[in-house]
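Here's the letter readout for the chains.
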Amino acid sequence: MNEREELLKNWEDIKLQIKNENNDISDVAFNTWINPLKIGNIINDTVQIIVPSEHAGDGTGVGIIKNKYSSLLKVTISEKMNKIYNVDFIGESPETEINETGLSSRNESVSSYNSVDYLSSDQKSNLNPRYTFDTFVVGSNNQLAVSAAKGVAENPGSEYNNPLFLYGGPGLGKTHLMHAIGSEIIKRDPSKIVRYVTSEEFTNQVIESIQNGSIQKLRVIYRTVDVLLLDDVQFIIGKDSTQNEFFNSFNELRNQNKHIILSSDRPPKDLDKLEERLRSRFEWGLTVDITPPDYETRMAILRQYAKQINFDVDDEVIQYIASNIISNIRELEGALKKLYAQRVSSNQVITVSVAEEAIKDIIKETEPKKVTPDLILEEVAKYYGTTKDTITSKKRTKEIVIPRQVSMYLCRELTDTSFDEIGKVMGGKDHSTVMHGHNMISSELSTNTSLRDDIEKLKKKIIPNQ
């Protein structure tokens, strides 16, 4: 049995499945638009669906079916056939023939539609309309990233910057740029299918689709887009099923010259514990970093945000915020928003002295963290994919001993804490145990390049400006 024969055999079930799984399709709508549809040819994994002559006419009926039901047909066909298909719509006419081998007609296919799920165009993209290139403040810290982002938006699918990998600390504008790319692509070509998703959302969707037995449907959704934007890709580390699904989706999309944009808090080479096959692919395209904004850029960001929320604030207040919050755009805007809320609620004039009192907690939070054994334990646990409680437990497996000894070493090297005090933090270990752990790491560093690299990366995470 060939593909078309198998599809014909399942065709009635496919149509009924669409009706049964979608409560918003009435009996009238089903009998009018879906039930009369017929199968034509299957060419290059594209199923030609024949629209009856009474609907084909001037193309209006085809347009209605395409816009309302194309995605449902595509997903359900792919799920039933266990293979990803696109769909084409053919208007039936007196010249259209359907024989045993399929469609034979002089008519051209009237439309081709690559919708990916049950949602409307603006919903499925998940894009925030506020995040555009026009609302993004360009400075020396992000100029290259903005240039690269605009390059993708103007010419998606170009090989040299596919994938585009944006990295930098939290609150520096990576997400804003990703949304701006997607919005600009749709603005230039509304037919483009763009999907933005966070790694956490993607992971949850993978888990749910595995549990529900709908993994094929998820693959259709993600492997038929024109542009995929995955935010905070570092969070798929350690999630085997998620990494595997994304790896295969990545390959499928790039082979079709579809564009992939990724963001992370660090470059691909520093994505420790990520599968090597993924890390190497992330480096295929263009990797660009975004650094904290300089003073002038912080001023520009604050002025633009004040204008956006219609906040007439004294420039000295803007200067005070820009001088004291230096590393995070989100915190800059948060400080200004807090002052605006205070002005609205109390009708109080916002002066520098008022600002000092109102946002002192925000400014305190932006000060560099003091390096403590507890902070070191937190970063080591995160780096090795474990927990502080596990490191400080009595377990002695190899997977735990290394992070534990590394923690002991870093506590001694980066703080003034004594061996006895480190032992208490490490779950009640004695002086000699901590000294032994420190000495083991010290002796290994001269010959173990992998360990030396781990230690250097951890130091940068614990003391970012070192």
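Residues numbered from 1 in each chain as written. Predicted model: local features only at pLDDT ≥ 70, side-chain atom pairs only at ≥ 80, totals over all residues. Heavy atoms only, no water.

Undergrad: Explain the sheet that holds strand β9 (residues 227-231) here, please?
TA: The pairing of strands in a sheet happens through backbone hydrogen bonds and is either parallel or antiparallel. Strand order across the open sheet formed by five strands is β8-β9-β10-β7-β11, with parallel pairing between neighbours. Because the sheet does not close on itself, it has two edges, and the strands there are β8 (194-198) and β11 (286-289). Direction aside, the axes of adjacent strands within the sheet are offset by 15° on average. As defined by bridge partners, strand β7 (residues 164-167) adjoins β11 across four bridges and the pair is classed as parallel. Within β11, the position partnered with Tyr167 by the bridge is Asp289. Seen against the sheet, helix α6 (residues 143-154) touches β7, β10 (259-264) and β11 and runs at an angle of roughly 140° to β11. (Pairing = 2+ DSSP bridges. Helix = DSSP H or I, 4+ residues; strand = E, 2+ residues; numbered from the N terminus. Axes fitted to C-alpha atoms, helices over the stretch in contact; angles between N-to-C directions. Contact = heavy atoms within 4.5 Å.)

Undergrad: How should the packing of aromatic side chains be read in this particular structure?
TA: The way to describe two aromatic rings as a pair is by their centre distance and the angle between their planes. Summed over the entire model, instances satisfying the criterion amount to nine aromatic pairs. Between Phe246 and Phe250 the ring centres are 6.2 Å apart and the planes differ by 70°, which places this aromatic pair in the edge-to-face class. Here Phe246 and its partner Phe250 are both found in helix α10 (residues 240-255), four residues apart, which amounts to about one turn of the helix. The burial state of Phe246 is the same as that of Phe250; both residues are buried. Site record: aromatic cluster; members linked through ring pairs are Phe165, Phe202, Tyr222, Phe246, Phe250, Phe282 and Trp284. Taking the ring centre of Phe133 as reference, the NZ or CZ of Lys150 above it sits at 5.7 Å. Over the face of the ring belonging to Phe247 we find Arg277, whose NZ or CZ atom lies 3.9 Å from the ring centre. (Phe/Tyr/Trp six-rings, centres within 6.5 Å; stacked < 30°, edge-to-face > 60°. Buried < 20%, exposed > 50% of the residue type's maximum accessible area, 1.4 Å probe, protein only. Lys NZ or Arg CZ within 6 Å of the ring centre and 35° of its normal.)

Undergrad: Looking at this structure, I do not really get the pairing of strand β1 (residues 38-43). What am I missing?
TA: A regular strand places its side chains so that they alternate between the two faces of the sheet. When β1 meets strand β2 (residues 46-51), the two strands line up antiparallel, connected through four bridges. Of the residues in β2, the one forming a bridge with Ile39 is Ile49. Connecting β1 to the next strand, β2, in antiparallel fashion are two residues, including Asn44 with a positive phi near 50°.

Undergrad: What am I meant to see in unusual backbone geometry here?
TA: The phi torsion of most residues other than glycine is negative, and most of the peptide bonds are trans. The linkage connecting Asn162 with the following residue, Pro163, adopts the cis geometry, with an omega of 10°. Looking at where Pro163 falls in the secondary structure, it is placed in the loop between α6 and β7. Here the phi dihedral of Asn44 falls at roughly 50°; this positive angle occurs in a residue that is not glycine. Turning to its location among the elements, Asn44 is positioned in the loop between β1 and β2. Positive phi values are uncommon outside glycine, yet Asn310 reaches one of about 60°.

Undergrad: Which parts of the structure should I look at to understand helix α2 (residues 27-34)?
TA: Because each turn of an α-helix spans 3.6 residues, side chains separated by three or four positions end up pointing in the same direction. What α2 keeps buried is the set Ala29, Phe30, Trp33 and Ile34. Projected down its long axis, α2 carries its buried residues within an arc of 100°, all on one side. (Arc of directions from axis to C-beta.)

Undergrad: Got a minute to help me understand the packing of helix α19 (residues 398-414) against helix α21 (residues 431-445) in this structure?
TA: Packed helices, taken two at a time, are described by their axes: the angle between them and the distance between them. One way to put it is that α19 packs onto α21 with a least axis distance of 8 Å and a crossing angle of 90°. One element, α19, and the other, α21, form an angle in the roughly perpendicular class. Side by side, α19 and α21 meet where Gln405, Val406, Met408, Tyr409, Arg412 and Glu413 of the first sit next to Thr433, Val434, His436, Gly437, His438, Met440, Ile441, Ser442 and Leu445 of the second. Residue classes in the contact of α19 with α21 are distributed as seven nonpolar, six polar and two charged. (Parallel < 35°, antiparallel > 145°, perpendicular 65-115°, else oblique. Nonpolar A, V, L, I, M, F, W, Y, C, P; charged D, E, K, R; others polar.)

Undergrad: Could you clarify how one ought to interpret the pattern of salt bridges in this entry?
TA: Where charged atoms of side chains with opposite charge meet at close range, the side chains can pair. Here the structure, examined in full by the defined rule, presents 19 salt bridges. For Asp453, the salt bridge is made with Lys457, and the minimal N-O distance between the two is 3.0 Å. In this pair, Asp453 and Lys457 both sit in helix α22 (residues 449-462), four residues apart, roughly one turn of the helix. Within this structure, Lys269, Asp270, Asp453 and Lys457 form a network of salt bridges that share partners. (Salt bridge = Lys/Arg side-chain N within 4 Å of Asp/Glu carboxyl O.)

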